[in-house]
Amino acid sequence: MKADPLLTRLWRLARRQILETLGWSQGSAFRADRPGPARRMKVPAAYGTPHPLEADYRLLGAPLGADLPRVRSCWLRLVREHHPDRFADDPGRSREAAETMVRLNAAYERIRADLSRRA
């Protein structure tokens, strides 16, 4: 007996939503609760591949696929929070803030270059 196409489509949509909620993407590895080798979750290619800059958007706290003004505002908020000059009296925290700023700036530049290339 053939499955109803509508039910099949609904099942696929529900499964996709569950996978996205759990943060699993195509080809991501995860460990089962019991000891053993890492298992690969098989997700059909129809669900698509993750965005190449997904980690950068997540680092900046911007929604995936946001426009440049939104990304810039998220970046500026984090710059104000993590700027090394805020921790001038604590060399350790200042050094950590400088490293964080390098990562934030690199992520912003990659997203900015990608968005300007698309426009």
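This is a predicted model, so every value here is computed, not measured.

It is worth spelling out the overall build of the protein at this point. Across its full length, the protein carries 4 helices and 2 strands. Each helix (α) and strand (β) of the protein, taken in turn from the N terminus, gives the series α-β-β-α-α-α. Looking at the protein as a whole, 24% of its 119 residues qualify as buried. Working note: accessible area of the protein is about 9,100 Å², and carbon and sulfur atoms make up 56% of it.

So, about helix α4 (residues 91–118). The end-to-end C-alpha separation of α4 is 41 Å, in line with the 40 Å expected for 28 residues at 1.5 Å each. Of all the residues in α4, the buried ones are S94, A97, T100, M101, L104, A107, Y108, I111, D114 and L115. Buried positions along α4 lie against α2 (54–60) and α3 (68–82).

Side chains of L6, L7, L10 and L13 sit close together on the surface and give an oily, nonpolar patch of about 390 Å² of accessible area. Position of L10 among the secondary structure elements: in helix α1 (residues 5–22).

To continue, consider the pattern of salt bridges. As enumerated under the stated definition, the model contains 5 salt bridges in all. A salt bridge links D56 to R110; its shortest N-O distance comes to 2.8 Å. Here D56, found in helix α2, pairs with R110, found in helix α4; they are 54 residues apart in sequence, far enough to count as distant. On the accessibility criterion, D56 (9% relative accessible area) is buried. For R110, a relative accessible area of 42% puts it in the partly exposed group. A salt bridge links R117 to D114, with the nearest nitrogen and oxygen atoms 2.5 Å apart. With R117 and D114 both in helix α4, this residue pair falls 3 residues apart, about one helical turn. D114 gets classed as buried once you look at its relative accessible area, which sits at 9%. In the salt-bridge network here, residues are joined through shared partners; they are D114, R117 and R118.

Calculation rules
- Residues numbered from 1 in each chain as written.
- Predicted model: local features only at pLDDT ≥ 70, side-chain atom pairs only at ≥ 80, totals over all residues.
- Heavy atoms only, no water.
- Helix = DSSP H or I, 4+ residues; strand = E, 2+ residues; numbered from the N terminus.
- Buried < 20%, exposed > 50% of the residue type's maximum accessible area, 1.4 Å probe, protein only.
- Areas by Shrake-Rupley, 256 points an atom, 1.4 Å probe, with all protein chains shown as cover.
- Expected span 1.5 Å × (residues − 1).
- Contact = heavy atoms within 4.5 Å.
- Patch = residues over 30% accessible without salt bridge, like charges linked within 9 Å, V, L, I, M, F, W, Y side chains within 5 Å.
- Salt bridge = Lys/Arg side-chain N within 4 Å of Asp/Glu carboxyl O.

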